Amino acid sequence: MQFSILASGSNGNSVYIEHQDTRILLDAGISGKQLRTRLETTCQRGLEGLSAVLVTHEHDDHVRGLTQVYKYAKSPVYMTEGTHAALSEKLRPEASSCPVEFVREDEVFYIGSIRVTPFAISHDAEQPVAYRFDTDDGSLAVVTDLGYVTDHQKDLLQGCQAYVFESNHDVDMLRAGRYPWHLKRRILGDKGHLSNVDAAYALVDILPDAPVDVYLAHLSQDNNHPDLADITVQGILSDARSRIAREIRIKRTSRHEATPFVSLTQQTV
């Protein structure tokens, strides 16, 4: 399995995943032009060759470029019924002709050679989900936009070689920042976003006793900093899982550029 995080942050998110002839775009939260450019530049792929587009939920930072993707990708779009209902008022009429496949929490399905597991998350959207992807050579989980991590989610996320995991904000920066209180309360709430500390403690329970890559994702531009997220997560993981701390590789994501197009087998060497 190969993947690249095309964009990650509070203003745009998208991940490209590939295995053999199966090509998946997870979310389209940046413009269609940016998606095409980053996909072509980083992965040498085009939107026209997609096998499927998956949507986690209807917020703009995950669907901003979806209508433009429809113009090029003739593949079905997978989402929950709740997300589809919420999107029906947002998308342009021409998007209504795109084939839609409904997914349900914890019901596994296949897209080509990739086994896909959607699971419910706590977020202020209509029936949002996150996804785990499995193939015969590895597993990847993409987990963002959730207020907390449940025991069921921790069980489901065991044993992956790579995690794209939300580390949205530093609580002190958020509390002292310029956001109005109602927005701060939303972010800090059970249907908001994971802080650096909450992400780290969830990962303590999730990560395997083996080399693993953790991509810190969905960082807030105003209420976090990559260095701070790295130090916080790495520090908590080192204290709690000292025996394997050196095997946990913390990696950064960006809203401005894609991560390298890498394979899971390469990462675990």
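This report concerns the structure included in the present document. Every residue gets a number counted from 1 within its own chain, in the order that chain's sequence is written. Reporting of local features is limited, given that this is a predicted model, to residues whose pLDDT is at least 70; pairs of side-chain atoms are given and counted only at 80 or more, and all residues count toward the totals for whole chains, interfaces and linings. For the side-chain quantities, the full set of heavy atoms in the structure was used; hydrogens and water were omitted.

1. Describing the overall build of the protein chain
Under the convention used in this document: Only DSSP runs of H or I covering at least 4 residues are called helices, and only runs of E covering at least 2 are called strands; the numbering of each starts at the N terminus. With C-alpha atoms as the basis for the radius of gyration, the globule rule is written as 2.2 Å multiplied by the number of residues raised to the power 0.38. Here the term buried applies to any residue with accessible area under 20% of the maximum for its type, exposed to any over 50%, and partly exposed to those in between, with areas from a 1.4 Å probe on protein chains only. By definition in these notes, contact holds between two residues if any of their heavy atoms fall within 4.5 Å. Each accessible area value is a Shrake-Rupley result obtained with a 1.4 Å probe; residue values ignore everything except the protein chains displayed when judging cover.
For the protein chain, the helix and strand inventory stands at 10 helices and 14 strands. Here the C-alpha radius of gyration of the protein chain, 17 Å, is about what a compact globule of 269 residues would show, namely 18 Å. If you line up the protein chain on its principal axes, its C-alpha atoms span 50 × 45 × 35 Å. Buried positions account for 56% of the 269 residues belonging to the protein chain. Taking all contacts inside the protein chain whose residues are at least 6 apart in sequence as the whole, residues at least 24 apart take part in 66%. Total accessible area on the protein chain is roughly 11,600 Å²; 47% of this is exposed by carbon and sulfur atoms.

2. Comments concerning the pattern of salt bridges
To keep things clear, this is the line we draw: Within this document, salt bridges are pairs made up of a side-chain nitrogen of Lys or Arg and a carboxyl oxygen of Asp or Glu, the two lying within 4 Å of each other.
Going through the model one piece at a time under the given rule, you end up with 15 salt bridges. Between arginine 104 and glutamate 81 there is a salt bridge whose closest N-O contact spans 3.7 Å. Linking arginine 104 in the loop between strand S6 (100-102) and strand S7 (109-111) with glutamate 81 in helix H4 (residues 81-87), this pair joins segments that are 23 residues apart in sequence. Taking the relative accessible area as the measure of exposure, glutamate 81 reaches 42% and is therefore partly exposed.

3. Here we look at the pairing of strand S1 (residues 2-7)
Here is the rule we go by: Strands were regarded as paired on the criterion that DSSP finds at least two bridges between them.
The buried fraction of S1 is high, at five of six residues. Joining the antiparallel neighbours S1 and strand S2 (residues 14-19) is a turn of six residues.

4. Thoughts on the sheet that holds strand S3 (residues 22-26)
Quick note on the threshold: For helices, the axis comes from a line fit to the C-alpha atoms of the stretch in contact; other axes are also lines fit to C-alpha atoms, and the angle between any two N-to-C directions lies between 0 and 180 degrees.
Taken in spatial order, the seven strands of this open sheet run S6-S5-S4-S3-S2-S1-S14, and their pairing is mixed. With one partner strand each, in any of the chains shown, S6 and strand S14 (262-263) form the two edges of the open sheet. Across three bridges, the pairing between strand S5 (residues 77-79) and S6 is parallel. Paired with tyrosine 78 across the bridge in S6 is glutamate 101. Those strands touched by helix H1 (residues 32-43) are S1, S2 and S3, and its axis lies near 145° from that of S1.

5. Regarding the layout of surface pockets
How we decide: Only protein atoms enter the 1 Å grid, on which a cavity is a set of points fitting a 1.4 Å probe that cannot get out and a pocket is an open set with protein on both sides within 12 Å along at least 5 of 7 lines, lining residues being those with an atom within 4 Å of a point. Grid points are joined across faces, edges and corners, and a volume is the space filled by probe spheres set on the points. Here the term charged refers only to Asp, Glu, Lys and Arg, the term nonpolar to Ala, Val, Leu, Ile, Met, Phe, Trp, Tyr, Cys and Pro, and the term polar to all other amino acids, Gly among them.
Space inside the largest pocket adds up to approximately 240 Å³. Looking at the largest pocket, it is lined by 16 residues, and the ones nearest its centre are Ser10, Arg186, Ile187, His193 and His218. Counting residues per element, the lining of the largest pocket draws most heavily on helix H7 (residues 181-188), at three residues. For the lining of the largest pocket, the residue count by class is three nonpolar, nine polar and four charged.

6. Overview of the packing of aromatic side chains
To keep things clear, this is the line we draw: Stacked, edge-to-face and tilted are the three classes for Phe, Tyr and Trp ring pairs, Trp counted by its six-membered ring, which pair at centre distances within 6.5 Å; planes under 30 degrees apart are stacked, over 60 edge-to-face, the rest tilted.
Considering all chains together, one arrives at four aromatic pairs under this definition. Ring centres of phenylalanine 3 and tyrosine 215 lie 5.5 Å apart, and the angle between their planes is 75°; on these two criteria the pair is classed as edge-to-face. Note that phenylalanine 3 is positioned in strand S1 and tyrosine 215 in strand S12 (residues 212-217), a separation of 212 residues in sequence. Here the two residues phenylalanine 3 and tyrosine 215 agree in accessibility, since each one is buried. Geometrically, the ring pair formed by tyrosine 16 and phenylalanine 261 is tilted, given 5.8 Å between the ring centres and 45° between the ring planes. Of the two residues, tyrosine 16 is situated in strand S2 and phenylalanine 261 in the loop between strand S13 (248-252) and S14; the sequence distance between them amounts to 245 residues. Of the two residues, tyrosine 16 and phenylalanine 261, both sit in the buried class.

7. Some details on the pairing of strand S11 (residues 162-166)
Put simply, the rule is: Look down the strands so they point away from you; if the path from the first strand over the helix to the second goes clockwise, the crossover is right-handed.
Extensive coverage of S11 is indicated by the burial of five of its five residues. Side chains Ala162, Val164 and Glu166 project from S11 onto one buried face, and the interleaved Tyr163 and Phe165 project onto a second face that is buried too. In this view, the connection linking strand S10 (residues 138-143) to its parallel neighbour S11 by way of helix H5 (residues 151-156) has right-handed handedness. Two strands pair when backbone bridges link them, and S11 and S12 are joined in this way by five bridges, in the parallel orientation. Within the sheet, the bridge partner assigned to glutamate 166 lies in S12 and is alanine 217.

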